[in-house]
Amino acid sequence: MNRISVNVDGTTYEDEVEPRLLLVHYLRDRPALTGTQIGCDTGNCGACTVDLDGASVKSCSVLAVQADGGEVTTLQGLAQDGEWHPLQRSFHERHALQCGYCTPGMIMAARDLLRHNPDPSPEEVRYSLRGNLCRCTGYQNIVQAVLAAAAAPDSVTAPAAGGEQTWP
Amino acid sequence: MSAFGTRMNRVEDRRLLTSGGVYVDDLRVPELRGAAYVTFVRSPVAHAVITRIDTSRARAHPGVVAVYTATDLTGLPAPQPFGRPAHSGGFFAELLLAGEKVRFVGEPVAVVLTDARYDGRDAAELVDVEYRRLPAVVGPAEALLDETLLFEEAGTNLAGQRDRDTYDDTVFDEADVVVEREIVNHRVACVPMEGRATAAVFDGTRLTVWHSSQNAQRCRSTLAESLGIPSEAIRVIVPDVGGGFGAKIGIDRDAIVVAWAAWRSGRAVRWAESRAENLVAMTQGRAQLNRIKLGGRRDGTITAYRLDVVQDAGAYPRTSTLAPVTCTMAPGVYDIPHVQSGYRVVVTNATPVNKYRGAGRPEATAAIERAVDLFAAEIGMDPAEVRRRNVIAADAFPFRSATGACYDSGEYGAALDRALGAAAYPRLRAEQAARRDSGCVKVLGIGMSVYVEMTGGGGETAKVTVDGKGQATVLTGSSTQGQGHHTAWAMLVEAELGIPVDRITVVHGDTDLIPKAVGTYSSRSLQLGGSAVHKAASDVRSQARRHAAGLLGVRESDVTLDVGSGTWHVADDPGRFLTWGQVADHTGTASICADVEFASDRPTFPFGAHLSAVEVDTETGMVTVLRHVTVDDAGPILNPVLAEGQRHGGIAQGIAQVLFEEVRYDADGTPLNATLADYGAVAAADLPDFELEAGETPTDVNPLGVKGIGEAGTIGSIPAVQNAVIDALAHLGVRHIDMPMTPGRVWAAIREADAERRSPR
Ligand code: FES
Ligand code: FES
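Remember, predicted model here, so these are calculated numbers, not experimental data. (Residues numbered from 1 in each chain as written. Chains lettered and ligands numbered in written order. Predicted model: local features only at pLDDT ≥ 70, side-chain atom pairs only at ≥ 80, totals over all residues. Heavy atoms only, no water.)

S.K.: I tried to follow the overall build of chain B on my own but got confused; where do I start?
M.R.: If you tally the helices and strands in chain B, you get 18 helices and 28 strands. In terms of overall dimensions, chain B has C-alpha extents of about 95 × 75 × 45 Å along its principal axes. Looking at chain B as a whole, 64% of its 761 residues are labelled buried. Surface summary for chain B: the accessible area is close to 25400 Å², and the carbon and sulfur share equals 49%. (Helix = DSSP H or I, 4+ residues; strand = E, 2+ residues; numbered from the N terminus. Buried < 20%, exposed > 50% of the residue type's maximum accessible area, 1.4 Å probe, protein only. Areas by Shrake-Rupley, 256 points an atom, 1.4 Å probe, with all protein chains shown as cover.)

S.K.: Sorry if this is basic, but what is going on with the interface of chain B and chain A here?
M.R.: Interfaces are frequently sized by the accessible area removed from exposure as the parts join. On the chain A side, the residues contacting the 74 residues of chain B number 57 residues. Here chain B and chain A share an interface that buries about 5500 Å² over both sides, 54% of which is from carbon and sulfur atoms. For chain B, the biggest contributors to the area lost against chain A are Leu 17, Tyr 118 and Met 193 of chain B; these three give 16% of the whole. Here chain B and chain A share eight salt bridges between them. Of the charged contacts, one joins Asp 119 of chain B and Arg 20 of chain A as a salt bridge, the two residues approaching to 3.8 Å between their closest N and O atoms. Viewed at the interface, chain A and chain B are joined by 36 residue pairs in polar contact (both at pLDDT 80 or more). Those elements that provide at least two residues to the side of chain B that touches chain A are helix H1 (13-18), helix H3 (117-126), helix H7 (275-281), strand S21 (504-507) and helix H16 (640-659) of chain B. The dominant element in the side of chain B that touches chain A, judged by the number of residues it contributes, is H16 of chain B, at eight residues. The residue inventory of the side of chain B that touches chain A, partitioned by class, reads 39 nonpolar, 19 polar and 16 charged. (Contact = heavy atoms within 4.5 Å. Buried area = accessible area lost by both parts, 1.4 Å probe. Salt bridge = Lys/Arg side-chain N within 4 Å of Asp/Glu carboxyl O. Polar contact = N/O pair within 3.5 Å; in protein donor to acceptor, adjacent residues only side chain to side chain. Nonpolar A, V, L, I, M, F, W, Y, C, P; charged D, E, K, R; others polar.)

S.K.: Is there a simple way to explain the nonpolar core in this structure?
M.R.: Nonpolar side chains tend to gather and get buried jointly when the protein is soluble and globular. Counting 88 residues, the largest nonpolar core has Phe 91 and Val 146 of chain A together with Leu 729 of chain B as the members making the most contacts within it. It is helix H3 (residues 103-116) of chain A that contributes the most residues to this core, seven residues altogether. When near neighbours in sequence (up to four residues on either side) are disregarded, Leu 729 of chain B contacts Val 443, Val 616, Thr 618, Val 734, Ile 737, Val 746 and Ile 750 of chain B. Judged by nonpolar contacts, the second largest core, of 74 residues, contains Phe 104, Ala 159, Phe 607 and Val 631 of chain B. (Core = buried A, V, L, I, M, F, W, Y, C linked by side-chain atoms within 4.5 Å.)

S.K.: Just checking my understanding: could you explain the sheet that holds strand S13 (residues 284-296) of chain B for this structure?
M.R.: All names here are of chain B. Spatially, the five strands line up as an open sheet ordered S7-S15-S14-S13-S8, and their pairing is mixed. Of all the strands in the sheet, the pair left with one neighbour each is strand S7 (158-162) and strand S8 (177-189). Here the average twist between neighbouring strands, direction ignored, is 10°. Bridge count between S7 and strand S15 (residues 338-346): four bridges; the pairing is antiparallel. (Pairing = 2+ DSSP bridges. Axes fitted to C-alpha atoms, helices over the stretch in contact; angles between N-to-C directions.)

S.K.: What is the right way to look at the sheet that holds strand S25 (residues 591-600) of chain B in this model?
M.R.: For sheets, the rule is that strands pair by backbone hydrogen bonds, running either parallel or antiparallel. Residues and elements named next belong to chain B. Taking strand neighbours across the sheet as the criterion, the four strands line up as S21-S20-S19-S25 in an open arrangement whose pairing is mixed. The open sheet has two free edges, formed respectively by S21 and S25, since each of these has just one partner strand. Averaged over all neighbouring strand pairs, the angle between strand axes comes to 15°, with direction disregarded. Direction of pairing for strand S20 (residues 472-476) relative to S21: parallel, over a ladder of four bridges. Bridged to Thr 473 within S21 is Thr 505. Where helix H13 (residues 485-497) meets the sheet, its contacts fall on strand S19 (458-467), S20 and S21, and the angle it forms with S21 comes to roughly 135°. Those strands touched by helix H14 (residues 525-552) are S19, S20 and S25, and its axis lies near 145° from that of S25.

S.K.: Teacher, can you tell me more about the pairing of S20 of chain B here?
M.R.: Note on strand geometry: in a regular strand, side chains alternate between the two faces of the sheet. Residues and elements named next belong to chain B. Within S20, four of the five residues are buried, which leaves it mostly tucked inside the rest of the structure. Relative to S20, S19 is paired through five bridges, and the arrangement is antiparallel. Within S20, the residue paired with Val 464 across the bridge is Val 474. In terms of handedness, the path from S20 via H13 over to S21 forms a crossover that is right-handed. (Right-handed = clockwise from strand over helix to strand, strands pointing away.)

S.K.: Is there a simple way to explain the packing of helix H10 (residues 383-390) of chain B against helix H11 (residues 412-423) of chain B in this structure?
M.R.: Between two packed helices, the angle of one axis relative to the other and the distance separating the axes together describe the packing. Residue and element names in this part refer to chain B. At a minimum axis distance of 10 Å, the contact between H10 and H11 shows a crossing angle of 155°. Taken together, the axes of H10 and H11 are roughly antiparallel relative to one another. Considering how the two elements wind past one another, H10 and H11 form a crossing that is left-handed. Within the contact between the two elements, H10 uses Ala 384, Arg 387 and Arg 388 and H11 uses Leu 416, Asp 417 and Leu 420. For the contact of H10 with H11, the residue count by class is three nonpolar, no polar and three charged. (Parallel < 35°, antiparallel > 145°, perpendicular 65-115°, else oblique. Left-handed = near helix turned anticlockwise from the far one by under 90°.)

S.K.: What should I look at first to understand the environment of Glu 100 of chain B in this one?
M.R.: All names here are of chain B. Checked against the element boundaries, Glu 100 lands in the loop between strand S3 (64-69) and strand S4 (101-102). A residue is classified by how much of its surface remains accessible, and Glu 100, at 68% relative accessible area, is exposed. Apart from the residues within four sequence positions on either side, Glu 100 is in contact with Ala 48, Val 49 and Ile 50.

Dropping the structure here:
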């Protein structure tokens, strides 16, 4: 067992973990931040993408102990005080998600792209998202959402909640 | 007021975009606290007799709660997956866990329950299974030989057949030209991004099962049957689902075992399959070997068509519908005097096949649209012209097809012309000729398809309640896997009742709340589920009118609902009005409620035309889709945002099947690409933007006039893209290439055509 201290979405967690524990399982089980999904076992789908110390990583391919002393941002840490990240807004406005399973990883990967290339071409968006698979959308609206977020990078107030179904 | 045609962003997005949704494996409910992890032990060989299973070492591993094998399950009835084939007789039965024999790589042999997640993997490795290998049956052609049998007691690998004895060759006599060919509609994996996942707990009286499914209610009835316990003792909850595409209809053996393990062990359990498991053990799609034969005259008239289907069912026939649906839809959009179709279903040592986006219809469309192109090439006529001459005329609807389907409404020729127009077809042909003339290594191909598909049929339930706060709740039998049901149903209710969308809650996927339902598949949601919601809302509206009239002391005919403000008015006295809350409050039950079931006796037949322009690099065989233009006509569109999303996703899956995806096996039946590193799931960089054209021909089958759109993109795009790649190489003498049209395969076809042209005859 190893002792680690990780800051996730602004909160610091101290834990004893098995050396082989994957970061994605740590995030999902310990702080119960289940927004980060698992879609493969080969590092190919990108559903588990998070930000670790300013770098975009696939958290299924990183050990929890490697995040010791680090700072992790997940999809769940993006909205601040009711303000949506521009990518959250543009994904909503462009219908860039259907089942939503790939979405956390997709947004985290897109965020990384825009950090390095604030004004990408459609081809650059398509190319840079090739490690993130979506089975529902056909990608077209995702590409447009990323371009829209690049064009309007300000965060916005989240839209009002509808009568949403919650799960037991 | 009608909501139809309103572009509205989804109400479900907020939750998904901020918390990431709640899929089965995300559940952190108290009932599942401390749940044991389920790990399957799966067969590494395709066909073998199990000579020994020793679980003692696994049981001794720290943290192991239980290890179960087939002997623990004896006495339980075999599971009855959705649409179990009647023709399978008593043979070809599938057990919950393999006992004496395994028939595909990935077949579950044992399960291990552990306290901790990773211990499951360790303990599963310690389950010692001895296999005596048997020769594997790989692919449908080999299965037909009956040299190796999967089920010896059946005496054959043929699990069913129909109508082949009625084939009559004389119908081709009047044709000037007959084209005939065997084509492969290969096996593909469904790959929802969320794999299968199940959690379950048994409290001594009731079994609660959370499962990632397209229909909770069907899960419940299958579980009741399989476990031999009454339905009332089971509650199935389906939370967010990360894509289904047909493979999540109901519940299959692996998930039933997980539920059984909770029941048997008394311990809460949870299971979320790995992708490696998913790619061998979740049902797969297509897997047909088709023989097409088409005859016609030199003026372009098609006179006779035959489609002979061999359906690879995989190791266990799990559905009876794929091949029959392909046979029914065989003639597609064409008015052909003589049509014959028949099928054989065979078992092979591969993952079982079941529904996948389109389920039987894409296969039929791919076959006829390929046959039409072969015919066009043979008589030297433009493929668009051949199609124009043979499509069913717009004034012929309702049209009874030669195979007995009743096409409700259609404008097939117009759809084709709209697609050709939008693509500027003549200009594309000119560019194609110019590239050929210049000797450019990147040649252009133009492919098209005109399709008709069959969606819906049957019924669905809905319950709409308006309470004293003026809020509406919709309980729907149509559950969602990302299609946007919450938004669509709220729009329908708002349009009928004037209650704003943000005061409407849509609930699905819980058998305690919605005991009776059919669920989501076959593009049935809006036409059946939506019609049910609409009907329930109008019923609520009539009840409310009665109450409002009573409260206001006027005749019913003097009361009107102002849908804009959601208030009930006295017709000529706008100052006297009641809110929904006030009306509901005074009913005695403090709510107004309607619980309905909507059924239609016939399916609907959406249709459309796709045109694809591709570039083929003749030096590498690499195919790039340059443009994809579609007309998908499913009747009036409720929310274009949702419909476009369905079309995009469908087209992408179609292109993926044509160019990239295929489940491959070696000669021993071992899967060769059972990871996402090897399986060619399509990525953003592989696709262009799609060009969507409108078309809204209504149906009279349901009150909304709508047809299904979920599968349209896949059905139309597959033949369009396949035809385009072949068209690109037509000048080299290439007439057909099977899917998937990988660079290697395309390059080989180019080389072969080249060699043929050079060889002296
Ligand atoms: S789960 Fe990490 S890349 Fe697929
Ligand atoms: S939205 Fe379903 S996988 Fe992307």
